[in-house]
Amino acid sequence: MTTARPPRYLKPMNKLMMAVQKLGIPTGPAMVLTVPGRRSGRLRRTPMTPFSYQGSLYVVAGYPGADWAANARAAGTGTLSRGRRSRQVRIVELSTEEARPVLRVFPTAVPVGVAFAKRSKMVRDGTADEFEALAGQVAVFRFVPMAR
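- The name an unreviewed UniProt entry gives the protein is Deazaflavin-dependent oxidoreductase, nitroreductase family, with Mycobacterium basiliense as the organism.

Take a look at the structure:
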């Protein structure tokens, strides 16, 4: 595959998704993760589509080197929101081996993510094998709810 890059529409689409979420309107399975920026400390909001697997909630970065993933990694905790509901979460990055089975279920769990990965040139067909092969290249995180 060629070098993965985010599609040009990503930033405008993210802004639209966050505006809709801010109005309290849930947008399907999409959620917004808020973490402090690793350099500025300013709160950064990123829409994403977490999915459940074996009783836990996971998210996969759309491409290697995604800024939100670096911020999430540095912060270790954040706020996950959907509509007007939010919860504090601990953000745990998976090792390459831990990520493999999570990446295998990703194409079925997040079909919209498959289309994104194809447009970003991460995968060709969107098979479980192709996604598993991304282990160690894209960040995979588990969200662990924190006690209030």
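### A few points about the overall build of the protein
- Scanning the protein for helices and strands turns up five helices and seven strands.
- Secondary structure elements of the protein occur, N-terminal to C-terminal, as α-β-β-β-β-α-β-β-α-α-α-β.
- A total of 148 residues make up the protein; the buried ones form 43% of that total.
- Relative to all contacts within the protein whose residues are 6 or more apart in sequence, the contacts with residues 24 or more apart total 64%.
- As presented, the protein carries roughly 8600 Å² of accessible surface, and 52% of it is formed by carbon and sulfur atoms.

### Focus on helix α2 (residues 67-75)
- Regarding α2, the residues found buried are W68, A69, A70, N71 and A72.
- Summarising the contacts, the buried residues of α2 are in contact with β1 (31-36), β2 (43-48), β4 (56-60), β6 (85-93) and β7 (140-145).
- Where α2 terminates, the next one or two residues include G76, which has phi positive at roughly 80°.

### Quick look at unusual backbone geometry
- Even without being a glycine, Q54 presents a positive backbone phi close to 50°.
- By the secondary structure assignment, Q54 is in the loop between β3 (51-53) and β4.
- Looking at Q54, the relative accessible area reads 67%, which means it is exposed.
- With a phi close to 70°, K121 is a non-glycine residue in the positive phi region.
- Among the secondary structure elements, K121 is positioned in the loop between α4 (111-119) and α5 (128-132).

### Re the packing of aromatic side chains
- Counted according to the given criterion, the structure contains five aromatic pairs.
- The interplanar angle of 65° and the centroid separation of 5.7 Å between the aromatic rings of F51 and F106 together place this pair among those described as edge-to-face. Of the two residues, F51 sits in strand β3 while F106 sits in helix α3 (residues 96-109), which places them 55 residues apart along the sequence.
- Exposure remark for F51: the relative accessible area of 4% places this residue in the buried category.
- On the basis of an interplanar angle of 55° and a centroid distance of 5.6 Å, the ring pair of W68 and F141 is categorised as tilted. You can see W68 sitting in helix α2 and its partner F141 sitting in strand β7, a full 73 residues away along the chain.
- You can call W68 buried: its relative accessible area is 15%.
- According to the relative accessible area criterion, F141 is buried, its value standing at 0%.
- An aromatic cluster is built from F51, Y53, Y58, F106 and F131, whose rings are joined through pairwise contacts.

### Side note on the pattern of salt bridges
- Throughout the structure, instances matching the rule amount to five salt bridges.
- Of the charged contacts, one joins R38 and D67 as a salt bridge, the two residues approaching to 3.4 Å between their closest N and O atoms. Here D67 lies in helix α2 and R38 lies in the loop between β1 and β2, a separation of 29 residues in the sequence.
- Two residues, E132 and R104, come together in a salt bridge whose shortest N-O distance is 2.7 Å. Here E132, found in helix α5, pairs with R104, found in helix α3; they are 28 residues apart in sequence, far enough to count as distant.

The rules behind these values
- Residues numbered from 1 in each chain as written.
- Predicted model: local features only at pLDDT ≥ 70, side-chain atom pairs only at ≥ 80, totals over all residues.
- Heavy atoms only, no water.
- Helix = DSSP H or I, 4+ residues; strand = E, 2+ residues; numbered from the N terminus.
- Buried < 20%, exposed > 50% of the residue type's maximum accessible area, 1.4 Å probe, protein only.
- Contact = heavy atoms within 4.5 Å.
- Areas by Shrake-Rupley, 256 points an atom, 1.4 Å probe, with all protein chains shown as cover.
- Phe/Tyr/Trp six-rings, centres within 6.5 Å; stacked < 30°, edge-to-face > 60°.
- Salt bridge = Lys/Arg side-chain N within 4 Å of Asp/Glu carboxyl O.

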